[in-house]
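Chain and residue survey
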Amino acid sequence: MITALDHVQLAAPPGSEDNLRAYYRDVLGMTEIPKPPALAARGGCWFTAGTVQLHIGIEHDFTPARKAHPGLRVTGIHAYARRLTERGATVTWDDNLPGHHRFYAHDPYGNRIEFLEPIDA
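Scope of this entry: the structure provided in the associated data block. Within any chain, residue numbers begin from 1 and follow the written order of that chain's sequence. In view of the model being predicted, local features appear only for residues whose pLDDT reaches at least 70, and side-chain atom pairs are presented and counted only at 80 or more, with totals across whole chains, interfaces and linings using the full set of residues. The side-chain values count all of the structure's non-hydrogen atoms but skip hydrogen atoms and water molecules.

With that settled, consider helix α3 (residues 77-86). Where α3 is concerned, the buried positions are Ile77, Tyr80, Ala81 and Leu84. Each buried residue of α3 lies within a common arc of 100° when the element is viewed along its axis, so the set occupies one face. Note on contacts: a residue pair qualifies if any of its non-hydrogen atoms lie within 4.5 Å across the two residues. Counting from the N terminus, the helices are the DSSP runs of H or I reaching at least four residues and the strands are the DSSP runs of E reaching at least two. Considering only its buried residues, α3 is in contact with α1 (17-27), β6 (92-93), β7 (100-106) and β8 (112-118). Of the residues trailing α3, Gly88 is marked for its positive phi of about 95°. Each residue's exposure class comes from its accessible area (1.4 Å probe, protein chains only) as a fraction of the maximum for that residue type: buried when under 20%, exposed when over 50%, partly exposed otherwise. Here, the arc refers to the directions that run from the helix axis to the C-beta atoms.

Moving on to the sheet that holds strand β5 (residues 71-73). One bridge is not enough; two strands pair if DSSP finds at least two bridges between them. The strand order across the open sheet built from four strands is β5-β8-β7-β6, with neighbouring strands paired in mixed fashion. One side of each edge strand has no neighbouring strand; the edge strands of this open sheet are β5 and β6. Here β5 runs beside β8; their pairing, made up of three bridges, is parallel. Across the sheet, residue Leu72 finds its bridge partner in β8, namely Phe115. Orientation is described by lines fitted to C-alpha atoms, with helices fitted over the stretch in contact, and by angles between N-to-C directions that extend from 0 to 180 degrees. Packed onto the sheet, α3 meets β6, β7 and β8 and runs at close to 15° relative to β7.

Right, let's talk about the pairing of strand β3 (residues 45-49) for a bit. Most of β3 is tucked away, with four of its five residues classed as buried. In this sheet, β3 lies alongside strand β2 (residues 31-33) in antiparallel orientation, the contact comprising three bridges. Considered in β3, the bridge of Thr31 is made with Thr48. Bridge analysis of β3 against strand β4 (residues 52-58) gives five bridges, and the strand direction is antiparallel. Looking across to β4, one finds that Cys45 is bridged to Ile56. What sits between β3 and β4 in their antiparallel hairpin is a turn of two residues, with Gly50 showing a positive phi close to 60°.

What follows is about the pattern of salt bridges. What makes a salt bridge here is a side-chain nitrogen of Lys or Arg within 4 Å of a carboxyl oxygen of Asp or Glu, nothing more. Within this structure, the stated rule accounts for five salt bridges. With its nearest N and O atoms 3.6 Å apart, the salt bridge here joins Asp18 to Arg21. Taken together, the residues span about one helical turn, with Asp18 and Arg21 both in helix α1 at a distance of three residues. We classify Arg21 as partly exposed; its relative accessible area is 22%. Connected through shared salt-bridge partners, Asp18, Arg21 and Glu32 make up one network.

Turning to α1, its buried residues number three or more, namely Glu17, Leu20, Tyr23, Tyr24 and Val27. The buried residues of α1 all sit within an arc of 165° when viewed along its axis, so they share a single face. Next to the buried residues of α1 lie β1 (8-12), β3, β4, α3, β7 and β8. Gly29 sits one or two positions beyond α1 and adopts a positive phi of about 85°.

Right, here's the structure in full:
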């Protein structure tokens, strides 16, 4: 029986770790967590915020996830969107999900990320 979602993995090109840290840590405000030593040798970075984990692995023939994406629930979505834009990210609002405020952003390598907050929150 499935009990929870443990993590979501995205991919990035070789040598991208510094840019990933700058985006996921400094722009989004996530915390980097250490990878187990056997996995750290493969490159990439892992991040967490609350109970959410995003793992970004290195893919030599990298292609960004432009449609598939993690959906991250946030609080104070309008203030959070301002935080992202003040740090150089582009946000695209989308009002097509009833009962939610939401926007999309892309990491430095084109991976799509959805941010959403229930309207009644």
